[in-house]
Amino acid sequence: MDSTEVNKGMAAILVAGIAFFLSGWISVTLVHDSKPEHEILKIEGVGPVEASAGAAKEETLAPIAPLLAKADPASGESTAKKLCVSCHTFADGGKSGVGPNLYGTVGAARGHTAGFNYSAALKGKAGNWSFEELNAWLAKPAAFAPGTRMTFAGIKSIEQRADVIAYLRTLSKTPVPLP
Ligand code: HEC
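A short tour of the structure in this document, coming up. (Residues numbered from 1 in each chain as written. Predicted model: local features only at pLDDT ≥ 70, side-chain atom pairs only at ≥ 80, totals over all residues. Heavy atoms only, no water.)

On to the packing of helix H3 (residues 73–83) against helix H7 (residues 158–170). Direction vectors running N to C along H3 and H7 enclose 95°, while the axes themselves pass 7 Å from each other. In terms of orientation, H3 lies roughly perpendicular with respect to H7. Where H3 abuts H7, its residues Pro73, Ser75, Gly76, Glu77, Thr79, Ala80 and Lys81 lie against Gln160, Asp163, Val164, Ala166, Tyr167 and Thr170. Tallied by class, the residues present in the contact of H3 with H7 amount to 5 nonpolar, 5 polar and 3 charged. (Axes fitted to C-alpha atoms, helices over the stretch in contact; angles between N-to-C directions. Helix = DSSP H or I, 4+ residues; strand = E, 2+ residues; numbered from the N terminus. Parallel < 35°, antiparallel > 145°, perpendicular 65-115°, else oblique. Contact = heavy atoms within 4.5 Å. Nonpolar A, V, L, I, M, F, W, Y, C, P; charged D, E, K, R; others polar.)

See the structure below:
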């Protein structure tokens, strides 16, 4: 064994040592950082919200009505084409996919698309879709109808929700008057 051979051996041991040390350090760092993040629903116009201890605590949403007059349906349409098209169609007579076709939703009864298999959670919420209910639904579907099959986290920004609702309102031959 000449000296290069020895040096190679030493180098291999050194590299193994460094790798061992690094992997330990990385796992410690990762484990340390994996604390679950607590999600806080931001409520516009009400100031900071305290982190609620119980998950079931009711969140009060600011009303959407004052924003609808200046909401932008075109911007709502482009948001919907990003966030909703994987599950929904919007055209009159469009096919339902993972979610129901959404033409004529505003003002219609919940579960308005014939032939779509709605969850009991949504069907249990009797009544017609008002602007404020759509606001609550789109902020957090699982809070509005716990157990719903719409596995969508929600739209955090109230302006974006107003735009999307303003767009949904246009999907009708006789759009519901703005509040
Ligand atoms: C991952 C798929 C998915 C995404 C993304 C999604 N939805 Fe849904 N949506 C559903 C499903 C499934 C239902 C039926 C829910 C049930 O029966 O519980 C539904 C129901 C609805 C309803 C009720 C319709 C009715 O007839 O009562 C509305 C309104 C709605 N979605 C709007 C939206 C909007 C707006 C977006 C985008 C911002 C969106 N959804 C994104 C799957 C989705």
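Turning next to the coordination of the iron atom of the ligand. Surrounding the iron atom of the ligand are the protein donor atoms His88 (NE2) and Met150 (SD), which sit 1.9 to 2.1 Å from the metal. Seen from the iron atom of the ligand, its 6 donor atoms lie at angles of 84 to 179°, and the figure they make is octahedral. Taken together, the residues His88 in the loop between H3 and helix H4 (120–123) and Met150 in the loop between helix H6 (141–144) and H7 connect sequence positions 62 residues apart. (Donors = N, O, S within 2.8 Å, 3.2 Å for Na, K, Ca; no water. Tetrahedral: all angles 85-135°; square planar, octahedral: opposite > 155°, others 65-115°.)

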